[in-house]
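For reference, the chains in residue letters:
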Amino acid sequence: MNKGRDSGARRIMPFDLKNKRVFVCGHRGMVGSAIVRQLAGEDCELLTVGREQLDLREQARVRAWFDAEKPDVVFLAAAKVGGILANDSYPAEFLYDNLAIETNVIDAAFRSGVQKLLFLGSSCIYPKFAPQPIAENALLTGSLESTNEWYAVAKIAGLKLCQAYRRQYGADFISAMPTNLYGPGDNYDLAASHVIPALLRKAHEAKRSGAREIAIWGSGTPRREFLHVDDAASAVMHLMKVYSGMDHVNVGTGEDVTILELANLVCEVVGFSGAIVTDPSKPDGTPRKLLDISKLTATGWRPRYGLRDGLVDAYQWFESNEPTARLTA
Ligand SMILES: NC(=O)c1ccc[n+]([C@@H]2O[C@H](COP(=O)([O-])OP(=O)(O)OC[C@H]3O[C@@H](n4cnc5c(N)ncnc54)[C@H](OP(=O)(O)O)[C@@H]3O)[C@@H](O)[C@H]2O)c1
Ligand SMILES: C[C@@H]1O[C@H](OP(=O)(O)OP(=O)(O)OC[C@H]2O[C@@H](n3cnc4c(=O)[nH]c(N)nc43)[C@H](O)[C@@H]2O)[C@@H](O)[C@H](O)[C@@H]1O
């Protein structure tokens, strides 16, 4: 078990995954499976466990699993996740499940002597009207966006828990805060999904049925930054190796578009040439959340996908996996 005090951000000697037992929590999810793909190139032992064998909300079972399996490294990518409507509709689960999963996993990792843990949060941790682009130090400087404050509070608690174990015990636990992600393995359930899978599916089904229009939620004016999940996984792998410090690190592209611009691009990629109409009965959410990624890029990381290429890749995955993709909750 690590002991000692560490309150400052610092760079360290690269952390080596060689011969380590690496646990990916949430390995079947979009991000977890992308991390698993990244780990295929590493000389390490991959540990995974399905939710049906280990519900991460159950503290005693999580502790017992860590004591038995003794992972050296943890990527914490398990969470209750969803788009704006799911967040707004299920505040209890978004708060409770996420608090339970992260407190159980982070504490069990500490107790069982895990050498390094990376916790995944989200850009929704920042105030609704944070100055743009949003730097890491904007955390807790203002009120949260109401549609996802429950999830945001849980994610803030997770990153604070990593900081607390680092400060009190010297545990090498770090946190990454990705922007909106998309790509292979995404959730295409229209009631629960994020905007990119929703629009890819709507445009795809409209093209197939010959519909004349698709509807986008809200006004179409909010701006969002989107990162392909393989870029997110490469950033997370990079941080695991080169970063150790108290502060969380933003993960994004540093570029954003309006939802209407996104919808036009999606229709182009899918080949749907009908109209795009807005549905003002649905929420817009935060007006803009563009991340300042200078801290991450200073470590030498860059994204590989532009938005168009990323959408082409996501659509190819959806077309070839439609029968088995997550289309309903
Ligand atoms: N998607 C985004 O746009 C986005 C953006 C920023 C940050 N992130 C962060 O990235 C992480 C992963 O998100 P994702 O998009 O990959 O979500 P996802 O596709 O829904 O995957 C979530 C994973 O967590 C597992 N899980 C959920 N509850 C569990 C429980 N009680 N016990 C055990 N496993 C449980 C799920 O297991 P099953 O496979 O059994 O359901 C699934 O494997 C999250 O921390 C999220 O906050 C995502
Ligand atoms: C990364 C995630 O971001 C989430 O916020 P947030 O960017 O608004 O998440 P999304 O659900 O991706 O929505 C982004 C924007 O796209 C609009 N939008 C337009 N059409 C659609 C549609 O068909 N489906 C969806 N889902 N949106 C749509 C939506 O109103 C919002 O302004 C948070 O709720 C989570 O907590 C998480 O942090």
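Identification of the chain as GDP-L-fucose synthase from Hyphomicrobium denitrificans 1NES1 is taken from an unreviewed UniProt entry. Recorded under Function (unreviewed entry), the UniProt text for the chain is reproduced unchanged: "Catalyzes the two-step NADP-dependent conversion of GDP-4-dehydro-6-deoxy-D-mannose to GDP-fucose, involving an epimerase and a reductase reaction." Per UniProt, the comment on the chain under Catalytic activity (unreviewed entry) is "GDP-beta-L-fucose + NADP(+) = GDP-4-dehydro-alpha-D-rhamnose + NADPH + H(+)".

The next point concerns the site of ligand 1. Taken together, 26 residues are adjacent to ligand 1, and Met30, Val31, Tyr151, Lys155 and Arg326 come closest. In this structure, Ala79 approaches ligand 1 through a main-chain N or O atom, which is 3.2 Å from an oxygen atom. In the model, an oxygen atom of ligand 1 is placed 2.9 Å from a nitrogen or oxygen of the Leu181 main chain. Protein contacts shield 89% of the accessible area of ligand 1, which totals 890 Å² for the unbound molecule. Listed by contribution, the elements that provide at least two residues to the shell around ligand 1 are helix H1 (30–39), helix H5 (149–169) and strand S7 (180–182). Looking at the shell around ligand 1 residue by residue, the classes come out as 13 nonpolar, seven polar and six charged.

This next bit is on the site of ligand 2. Neighbouring ligand 2 are 22 residues; Ile84, Lys202, Arg224, Pro283 and Asp284 lie closest to it. Within the contact set of ligand 2, a nitrogen atom lies 2.9 Å away from a backbone nitrogen or oxygen of Trp217. Contact with the protein chains covers 98% of the free accessible surface of ligand 2, which is 700 Å². Elements with a minimum of two residues in the shell around ligand 2: helix H3 (84–89), helix H6 (195–209) and strand S8 (213–217).

Our next topic: the sheet that holds strand S2 (residues 21–25). Strand order in this open sheet of six strands is S3-S2-S4-S5-S6-S12, and the pairing throughout is parallel. Lying at the two open borders of the sheet, with one neighbouring strand each, are strand S3 (45–47) and strand S12 (249–251). Each strand axis lies, on average, 20° off the axis of its neighbour in the sheet, ignoring direction. Together, S2, strand S4 (73–76), strand S5 (116–120) and strand S6 (173–178) form the strand contacts of helix H4 (residues 91–111), whose direction differs from that of S4 by roughly 170°. Relative to the sheet, helix H7 (residues 229–242) contacts S4, S5, S6 and S12, its axis offset from that of S5 by approximately 145°.

With that settled, consider H4. Taking 1.5 Å as the rise per residue, H4 with 21 residues should run 30 Å; its terminal C-alpha atoms sit 30 Å apart, in good agreement. Two residues or fewer after H4 comes Gly113, characterised by a positive phi angle close to 85°.

When the UniProt feature table is mapped onto this chain, "active site" (unreviewed entry) is found at Tyr151. Inspection of the secondary structure puts Tyr151 in helix H5. Relative accessible area serves as the criterion here: at 9%, Tyr151 is assigned to the buried category. If sequence neighbours within four positions are ignored, Tyr151 has contacts with Lys80, Val81, Asn87, Phe94, Asn98, Ser122 and Cys124.

So, on to the packing of helix H8 (residues 259–270) against helix H10 (residues 307–321). Remark: H8 packs on H10, axes separated minimally by 10 Å, with the N-to-C direction vectors making an angle of 50°. Viewed along their axes, H8 and H10 adopt a mutual orientation that is oblique. For the crossing formed where H8 meets H10, the hand is right-handed. On H10, the residues that touch Leu262, Leu265, Val266, Glu268, Val269 and Val270 of H8 are Leu307, Arg308, Leu311, Val312 and Tyr315. Classifying every residue of the contact of H8 with H10 by side-chain character gives nine nonpolar, no polar and two charged.

Right, let's get into the side chain of Thr258. Of note, Thr258 is situated in strand S13 (residues 257–258). Leaving out residues up to four positions away in the same chain, Thr258 has contacts with Gly220, Thr221, Pro222 and Arg223.

Cut-offs applied
- Residues numbered from 1 in each chain as written.
- Chains lettered and ligands numbered in written order.
- Predicted model: local features only at pLDDT ≥ 70, side-chain atom pairs only at ≥ 80, totals over all residues.
- Heavy atoms only, no water.
- UniProt positions renumbered as here; feature names shortened; annotations may be inferred.
- Near = heavy atom within 4 Å.
- Polar contact = N/O pair within 3.5 Å; in protein donor to acceptor, adjacent residues only side chain to side chain.
- Areas by Shrake-Rupley, 256 points an atom, 1.4 Å probe, with all protein chains shown as cover.
- Helix = DSSP H or I, 4+ residues; strand = E, 2+ residues; numbered from the N terminus.
- Nonpolar A, V, L, I, M, F, W, Y, C, P; charged D, E, K, R; others polar.
- Pairing = 2+ DSSP bridges.
- Axes fitted to C-alpha atoms, helices over the stretch in contact; angles between N-to-C directions.
- Contact = heavy atoms within 4.5 Å.
- Expected span 1.5 Å × (residues − 1).
- Buried < 20%, exposed > 50% of the residue type's maximum accessible area, 1.4 Å probe, protein only.
- Parallel < 35°, antiparallel > 145°, perpendicular 65-115°, else oblique.
- Left-handed = near helix turned anticlockwise from the far one by under 90°.

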